[in-house]
Amino acid sequence: FAIIMPTLILVLLSAVLVPTASFRAALPAHGAHLASSTRRPAFTPHATAAAASGPLCVAARPSALRPSLISMVLAKETPLRSFVKAAGWRFTAGLVTAASSFIFTGSLATAASIVGWDLISKSGTMFIGERLWNNVKWGKVEGKGDSSQRSLAKALAWRLFAALNTLFAATVLTKGKAGVASKIAGADSVVKTILFFFYERVWAVVPWGKEFTEEDEAEAPAVEA
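As the structure is a computational prediction, the values presented were derived from the model and not from experiment. (Residues numbered from 1 in each chain as written. Predicted model: local features only at pLDDT ≥ 70, side-chain atom pairs only at ≥ 80, totals over all residues. Heavy atoms only, no water.)

Draft legend 1. Geometry of the overall build of the chain. The helix and strand inventory of the chain stands at 5 helices and 6 strands. Helices and strands appear in the chain in the N-to-C order α-β-β-β-α-α-β-β-α-α-β. Looking at the chain as a whole, 34% of its 225 residues qualify as buried. In the chain, the proportion of contacts linking residues at least 24 apart, taken out of those at least 6 apart, comes to 78%. (Helix = DSSP H or I, 4+ residues; strand = E, 2+ residues; numbered from the N terminus. Buried < 20%, exposed > 50% of the residue type's maximum accessible area, 1.4 Å probe, protein only. Contact = heavy atoms within 4.5 Å.)

Here is the structure:
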């Protein structure tokens, strides 16, 4: 396990650190009216009359006085989408845990107990985790959804919590057999990290349950020589 997990992480990192999508991605039909990013002017020309009958003189305020703003269209998930994602993953993960638990314990009763523990302890925590990630802007692609890097970060963060949870449950339910418990948690970590990453990538292209909002970000003003 100590050899497989670092290798798995390196493979996933090398796969997702290569840019795979354009920053300017097309919006779904229901958000098309927000498709174009707008740049607000760094200065506002104003006219002053040099004389009553003379020409107008246009003066520009220095750009350093007011930074320009860039409008970006970012997607947020509705609570219902987060709930469906959490429920779908819990079902998928439960099947994996059931299989690994039965393989290493040989007992259907023990496997069912571990799956039940996972269902109770992780269903609510994953929903909460999805809602917390929903407020994090990092890794969101404008007008589209999550980037590959964001999906990987979510997979690793969740797997850290879930592996410790499963290890504790398996140790208790196998009556202190730490070796068996570590095998269950280790097998779950390898299989579920890969599954969760691709689970996130599939959901990233599903438009249902996404709300597109336009947010402004300040751009550093240009420095004049």
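Draft legend 2. A look at unusual backbone geometry. Residue K175 is not a glycine yet carries a positive backbone phi of 60°. Note on K175: relative accessible area 78%, which makes it exposed.

Draft legend 3. Structural context of the packing of aromatic side chains. Counting across every chain of the model gives 8 aromatic pairs. For the ring pair W89 and F196, a centre distance of 5.0 Å and an interplane angle of 85° mean the geometry is edge-to-face. Taken together, the positions of W89 in helix 2 (residues 79-105) and F196 in helix 5 (residues 178-204) put the pair 107 residues apart, joining distant regions of the chain. Here W89 and F196 have matching classes, each one buried. Following the ring pairs from residue to residue traces out a cluster consisting of W89, F196, Y199, W203 and W208. (Phe/Tyr/Trp six-rings, centres within 6.5 Å; stacked < 30°, edge-to-face > 60°.)

Draft legend 4. The arrangement of the pattern of salt bridges in detail. Throughout the structure, instances matching the rule amount to 10 salt bridges. Its salt-bridge partner being D118, residue K122 comes within 3.3 Å of it at the nearest N-O pair. With a gap of 4 residues between them, K122 and D118 both fall in helix 3 (residues 108-134), about one helical turn apart. Linking E200 and K154 is a salt bridge whose minimum nitrogen-to-oxygen distance equals 3.1 Å. Placement of the pair is E200 in helix 5 and K154 in helix 4 (residues 148-173), with a sequence separation of 46 residues. Under the relative-accessibility criterion, E200 is labelled buried at 1%. Here the salt bridges share partners, and the residues they tie into one network are E77, R81, K85, E130, D146, R150, K154 and E200. (Salt bridge = Lys/Arg side-chain N within 4 Å of Asp/Glu carboxyl O.)

Draft legend 5. The arrangement of the nonpolar core in detail. Core analysis: the biggest nonpolar cluster contains 12 residues, these being A86, W89, A93, M126, L152, A155, W158, A162, F196, F197, Y199 and W203. Sorting the residues of this core by element identifies helix 2, helix 4 and helix 5 as the ones contributing at least two each. Excluding its chain neighbours within four sequence positions, the residues that come into contact with W203 are R81, V84, K85, W208 and K210. (Core = buried A, V, L, I, M, F, W, Y, C linked by side-chain atoms within 4.5 Å.)

Draft legend 6. Molecular detail of the packing of helix 2 against helix 3. Helix 3 packs onto helix 2 with a crossing angle of 155° between their chain directions and a minimal axis gap of 8 Å. When the interaxial angle is binned, helix 2 and helix 3 end up roughly antiparallel. For the element pair helix 2 and helix 3, the recorded crossing hand is right-handed. Its residues assigned to classes, the contact of helix 2 with helix 3 shows 13 nonpolar, 7 polar and 6 charged. (Axes fitted to C-alpha atoms, helices over the stretch in contact; angles between N-to-C directions. Parallel < 35°, antiparallel > 145°, perpendicular 65-115°, else oblique. Left-handed = near helix turned anticlockwise from the far one by under 90°. Nonpolar A, V, L, I, M, F, W, Y, C, P; charged D, E, K, R; others polar.)

Draft legend 7. Looking closely at helix 3. With 27 residues, helix 3 extends 37 Å from end C-alpha to end C-alpha; this agrees with the ideal 39 Å at 1.5 Å per step. K122 marks the point of greatest bend in helix 3, at about 35°. Buried within helix 3 we find T110, A111, I114, D118, K122, M126, E130 and N134. In this structure S107 caps helix 3, since a side-chain oxygen of it lies 3.4 Å from the backbone nitrogen of A109. (Expected span 1.5 Å × (residues − 1). Bend = angle between axes of the 7 residues up to and from the residue. Polar contact = N/O pair within 3.5 Å; in protein donor to acceptor, adjacent residues only side chain to side chain.)

Draft legend 8. A look at the confidence of the model for the chain. For the chain, the mean per-residue pLDDT works out to 76, and 64% of the residues sit at or above 70. Confidence over residues 16-60 falls short of pLDDT 50; this stretch has 66 contacts with residues more than four positions distant or in other chains. (pLDDT = per-residue confidence, 0-100.)

Draft legend 9. Summary view of the side chain of R159. With respect to the helices and strands, R159 occurs in helix 4. Buried and unpaired, R159 has D188 as its nearest opposite-charge partner, separated by 5.5 Å. For R159, the contacting residues outside a window of four places in its chain are W89, D188, S189, K192 and T193. (Lys, Arg positive; Asp, Glu negative; His and termini not counted.)

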